[in-house]
Amino acid sequence: MRSGLESSELARFESVVLPHLDAAYTLARYLTRNVHDAEDVVQDACLRALKYFESFRGEEGTSARAWLLTIVRNTAYSAGRGQRGQDATEFDETQHSGAVADEHPEAALLRADARESIGRALERLAPEFREVIVLRELEGLSYKEISDVTGVPVGTVMSRLSRARARLQEALT
């Protein structure tokens, strides 16, 4: 595959963008609500990121992550996968976790039940609320970075996040 990038730019792409693939998959998974669609979205987004990487001039930290997540979000919505609910499968956080609990089985069961409840509550949120929760609470993006990713003002991000947290809390009580 020829990307048109010099080997130094390709190495820079690998070091700057590829470390954020887990975050890209997490966002795609919550937006598409389907494992296979999420994989397709991330693959398409990475190809787009590679294609336009020469124009990217951000820092190598969070702005690269925000840039990639913006591409993932746009890819999910432009492909019509961002709001699809049919054929949705439950997201299993333990499948993507490297940590294995070595403790009392009852505590592990309670934690798994809580994680499942939160996952179901997240799935029921409207897409605009689900994405801000995922970007803030799971990916740790700042309000400004979420604003950049979603294309809405910071005040709107804060408002959506507040409403999303309230709806999650209602769903869990």
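Computed from a predicted structure; not experimentally measured.

Here is what the cut-offs are and how they apply
- Residues numbered from 1 in each chain as written.
- Predicted model: local features only at pLDDT ≥ 70, side-chain atom pairs only at ≥ 80, totals over all residues.
- Heavy atoms only, no water.
- Core = buried A, V, L, I, M, F, W, Y, C linked by side-chain atoms within 4.5 Å.
- Buried < 20%, exposed > 50% of the residue type's maximum accessible area, 1.4 Å probe, protein only.
- Helix = DSSP H or I, 4+ residues; strand = E, 2+ residues; numbered from the N terminus.
- Contact = heavy atoms within 4.5 Å.
- Polar contact = N/O pair within 3.5 Å; in protein donor to acceptor, adjacent residues only side chain to side chain.
- Axes fitted to C-alpha atoms, helices over the stretch in contact; angles between N-to-C directions.
- Parallel < 35°, antiparallel > 145°, perpendicular 65-115°, else oblique.
- pLDDT = per-residue confidence, 0-100.
- Lys, Arg positive; Asp, Glu negative; His and termini not counted.
- Salt bridge = Lys/Arg side-chain N within 4 Å of Asp/Glu carboxyl O.
- Expected span 1.5 Å × (residues − 1).
- Phe/Tyr/Trp six-rings, centres within 6.5 Å; stacked < 30°, edge-to-face > 60°.
- Lys NZ or Arg CZ within 6 Å of the ring centre and 35° of its normal.

Participant: Sorry, what's going on with the nonpolar core here?
Facilitator: Most often, soluble globular proteins keep nonpolar side chains buried together rather than apart. If you look at the biggest cluster of nonpolar residues, it comprises 43 residues, and the most contacted ones within it are L69 and V72. When contributions to this core are tallied by element, the ones reaching two or more residues are α1 (7-16), α2 (21-32), α3 (35-51), α4 (62-78), α5 (105-124), α6 (127-138), α7 (143-150) and α8 (154-172). Considering each element in turn, this core owes the most residues, eight residues, to α4. Those residues within four positions of L69 in sequence are excluded, and the remaining contacts are A23, A24, L27, L135, L141 and V149.

Participant: How should I be thinking about the environment of D148 in this particular structure?
Facilitator: Mapped onto the fold, D148 is located in helix α7. On the basis of relative accessible area, D148 is assigned to the partly exposed category, the value being 42%. Remark: the alpha-carbon pair of D148 and L69, spanning 79 residues in sequence, is separated by 9.5 Å. A distance of 2.8 Å separates a polar atom in the side chain of D148 from a polar atom in the side chain of K144.

Participant: Where do I start with the packing of α6 against α8 in this structure?
Facilitator: Packed helices, taken two at a time, are described by their axes: the angle between them and the distance between them. Between α6 and α8, whose axes approach to 9 Å, the crossing angle comes to 95 degrees. On the basis of the axis angle, α6 is roughly perpendicular to α8. Contacts from E128, F129, E131, V132, I133, R136 and E137 of α6 reach α8 at R160, L161, R163, A164, R165, R167 and L168.

Participant: Which parts of the structure should I look at to understand the confidence of the model for the chain?
Facilitator: Detailed conclusions should not be drawn from predicted coordinates in areas where pLDDT is low. Taken residue by residue, the chain gives an average pLDDT of 79. The fraction at 70 or more is 75%. Here α5 stands out as the least confident element of the chain, with mean pLDDT 73; α3 is the most confident, with 93.

Participant: Would you explain the side chain of R130 in this entry?
Facilitator: Here R130 lies in helix α6. Here R130 is buried and forms no salt bridge, its nearest opposite-charge partner E123 lying at an N-O distance of 5.1 Å. Here E123 takes part through its backbone oxygen, which lies 3.3 Å from a polar atom of the side chain of R130.

Participant: Explanation requested: α2 in the structure shown.
Facilitator: Each turn of an α-helix holds 3.6 residues, which means side chains three or four residues apart point in the same direction. End to end, α2 covers 16 Å across 12 residues, agreeing with the expected 16 Å (1.5 Å per residue, within 8%). Burial within α2 is extensive, with 10 of its 12 residues counted as buried. Residue R33 follows α2 closely and has a positive phi angle near 60 degrees.

Participant: How should I be thinking about the packing of aromatic side chains in this particular structure?
Facilitator: Two aromatic rings, taken as a pair, are described by how far apart their centres are and by the angle between their planes. Going through the model one piece at a time under the given rule, you end up with four aromatic pairs. Ring geometry for F13 versus F53: centroids 5.2 Å apart, planes at 85 degrees, classification edge-to-face. Taken together, the residues F13 in helix α1 and F53 in the loop between α3 and α4 connect sequence positions 40 residues apart. Residue classification places F13 among the buried positions, given a relative accessible area of 5%. F53 gets classed as buried once you look at its relative accessible area, which sits at 0%. A network of ring pairs unites the aromatic residues F13, F53, F56 and W67 as a single cluster. Against the face of Y143 rests R136, its NZ or CZ located 4.8 Å from the ring centre.

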